[in-house]
Amino acid sequence: MSVQSITNLSVLKGKSMHSIYRLSAKLLMLMLVIAMSAGLTSCKSQKKILARERAAKIEQAKVRLQALLDDKSTLTLDQKFAELNTIKGWNLNDKDVDNLIAKVEDKLSKDRDLVRKKAEDDLRAREAEERRQAEARNASKSGDPRYIKLTESFNVISHAASVDMANQKILEVLPLFINPDVPVLIVISQNGSAKDYDRPTTIKRYLEYLKDQKRNINQVDNMVFDANGKITELELIKK
Amino acid sequence: MKKFKITIIALAVLLGCSTLFAQETISPDRKKAIDSLALEKVRDLSKYIALVGSKETPWSEAQRVIQRAEELFMPGSEMGVSSLYRPEISYFKVREYFERLMRLNYEKVNIDWYNIEYVSDLEQQPDGTFVGVITIFQRFEGFDKEKGLVYKDVTKKDITIYVKRKETQIGGRLIGFWDVLLGDIRVKETHP
């Protein structure tokens, strides 16, 4: 190879390298433009998705809040409050949704007051009914000579001046019962039909208790009689 | 080994469940009624002590009353006795305490309990039993036939109280009741 041809080759090579550099720069620029435009498109579509999701969420919130407002749901009051809190937790910052939230809050508060008032009214009515029943029971008992007789006997035993006098009265009272082992129940507290009792005793022991303690702190609440009119079960209640 | 593990787990679960069932929740009103019932049992005991201590109580009546008093206590309970004449406190089983009380060498004895109140409220234990402590003050007076009042002291005593929910059949019905039992009676202080 001559010196001339080597020089030509170098020139050619230099030109070609220069072209490659320029081409590469152009390609790089093109890729950058494509990437940027792709990025912008992606950002825009991301925003669009978020906006669409938010709009859907707002729509969903409106429907659910309206359902709460219209009382169309079968949820309990506690569940309704939970539903409201869930929607509030989305923090949608939408004027319509915020208005609906305020309305629902107001409605649920009123509903809660109504429920509370109803529960109080029910309780008052139940207590009044229990009082009425107790009064009716006591009225019938107060007129029943058997209740009066037993109550008086208990008082006599507990206030007897001597042991002998108390024992004499006990002997008079025991025949009212079918036997000296008739159970005596003493109610210490009562809530509706649920009763709490003291340790059960027998009539003989109870009469002796009155004699020993010299105080009559229980009143006759109920008696069960057999066909011969003898007491088979006695229930007392704390005065 | 696997069967052994299963048995242990089953036992643990059963034990846990029984504890849960035992710990019945009590409303304030029911708790108040139980508190009052326990105080009443202590007042009953004070009356029994006064009756047995009284020289006017016939022997047969005193024996019957001792029996009733014993029924107020947990088996094996002890009662503390103190005197101004000796520093130590003696403890006796309930029946022995009452029998010694009957034999006291005085012409007349007055025993009065007062200021009966809770020093430690009834608290529910894991097995469902309520345990508390009631404190009482006892005024004791011993009289001689000729000299009159020859001995008197005031003793502060603590009584442990156990209240347990029990059930029994009466007339074919299942009756739930609160069984109040007294435990040891400890002497806290004695003075003239």
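Chemist: For this particular structure, what's the right way to read the interface of chain A and chain B?
Modeler: As a measure of interface size, the accessible area lost when the parts come together is often cited. Between chain A and chain B, the contact holds 14 residues from the first and 20 residues from the second. When residues of the side of chain A that touches chain B are traced back to their parent elements, those giving at least two are β1 (183-191), β2 (194-197) and α6 (203-213) of chain A. A per-element tally of the side of chain A that touches chain B places β1(A) first, with five residues. Looking at the side of chain A that touches chain B, its residues break down into six nonpolar, three polar and five charged.

Chemist: I keep staring at the packing of helix α4 (residues 145-158) of chain A against helix α5 (residues 163-173) of chain A and nothing clicks. Help me out?
Modeler: When two helices pack together, you describe them by how their axes are tilted relative to each other and by the distance separating the axes. Residues and elements named next belong to chain A. Closest axis-to-axis distance for the α4/α5 pair is 8 Å, and the angle between their directions is 160 degrees. In terms of orientation, α4 and α5 fall into the roughly antiparallel class. For the pair α4 and α5, the sense of crossing is left-handed. On the side of α4, the interface is formed by Ser 153, Val 156 and Ile 157, while α5 contributes Ala 166, Lys 169, Ile 170 and Val 173. Of the residues in the contact of α4 with α5, the class split is five nonpolar, one polar and one charged.

Chemist: Is there a simple way to explain the pairing of strand β4 (residues 130-144) of chain B in this structure?
Modeler: On a regular strand, one side chain projects to one face of the sheet and the next to the other, so that they alternate. Residues and elements named next belong to chain B. In this structure, strand β3 (residues 108-124) lies alongside β4, joined through 12 bridges in antiparallel fashion. Along β4, the bridge assignment pairs Ile 111 with Phe 140. The hairpin turn running from β3 into β4, its antiparallel successor, is five residues long, and Gly 128 in that turn takes a positive phi close to 95 degrees. Note: β4 against strand β5 (residues 148-170), 15 bridges, orientation antiparallel. Bridging across to β5, Phe 140 finds its partner in Asp 153. In this structure, the hairpin formed by β4 and β5 is closed by a connection of three residues.

Chemist: Sorry, what's going on with the nonpolar core here?
Modeler: Grouped burial of nonpolar side chains is what soluble globular proteins tend to show. The biggest cluster of nonpolar side chains holds 51 residues, and the ones touching the most others in it are Ile34(B), Ala38(B), Val52(B), Ile161(B) and Val163(B). Here this core takes 10 residues from helix α2 (residues 28-53) of chain B, the largest share from any one element. Those residues in contact with Val163(B), other than ones at most four positions away along the chain, are Ile34(B), Ala38(B), Leu122(B), Thr129(B), Phe130(B), Trp178(B), Asp179(B) and Val180(B). The next biggest cluster of nonpolar side chains, apart from the first, holds seven residues, and it includes Ala61(A), Leu65(A), Leu100(A) and Val104(A).

Chemist: Just to check I follow, could you spell out the pairing of β2(A) for this structure?
Modeler: Note: β1(A) against β2(A), four bridges, orientation antiparallel. The partner of Ser189(A) across the bridge, within β2(A), is Asp196(A).

Chemist: For this particular structure, what's the right way to read helix α3 (residues 59-70) of chain B?
Modeler: Because each turn of an α-helix spans 3.6 residues, side chains separated by three or four positions in sequence point in the same direction. For α3(B), spanning 12 residues, the distance from its first C-alpha to its last is 16 Å, which sits close to the expected 16 Å at 1.5 Å a residue. Among the residues of α3(B), those classed as buried are Ala62(B), Val65(B), Ile66(B) and Ala69(B). Here the buried residues of α3(B) occupy an arc of 105 degrees about the axis, which is enough to place them on one side. Exposed side of α3(B), more than 90 degrees from the buried face: Ser60(B) and Gln67(B) are the residues found there. Check the buried side of α3(B) and you find it contacts α6 of chain A together with α2 and α4 (94-102) of chain B.

Chemist: Would you mind going over unusual backbone geometry with me for this structure?
Modeler: Excluding glycine, a negative phi dihedral is what most residues carry, and trans is how most peptide bonds are arranged. Despite not being glycine, Asn93(A) has its phi angle at roughly 50 degrees, a positive value. Its location among the elements puts Asn93(A) in the loop between α2 (77-89) and α3 (95-143). We classify Asn93(A) as exposed; it has 9 C-beta atoms within 10 Å. Notably, Asn115(B) is not glycine yet its phi reads approximately 45 degrees, a positive angle.

About the criteria used
Residues numbered from 1 in each chain as written. Chains lettered and ligands numbered in written order. Predicted model: local features only at pLDDT ≥ 70, side-chain atom pairs only at ≥ 80, totals over all residues. Contact = placed C-beta atoms within 7 Å. Helix = DSSP H or I, 4+ residues; strand = E, 2+ residues; numbered from the N terminus. Nonpolar A, V, L, I, M, F, W, Y, C, P; charged D, E, K, R; others polar. Axes fitted to C-alpha atoms, helices over the stretch in contact; angles between N-to-C directions. Parallel < 35°, antiparallel > 145°, perpendicular 65-115°, else oblique. Left-handed = near helix turned anticlockwise from the far one by under 90°. Pairing = 2+ DSSP bridges. Core = buried A, V, L, I, M, F, W, Y, C linked by C-beta atoms within 7 Å. Buried ≥ 20, exposed ≤ 12 C-beta atoms within 10 Å, placed from the backbone. Expected span 1.5 Å × (residues − 1). Arc of directions from axis to C-beta.

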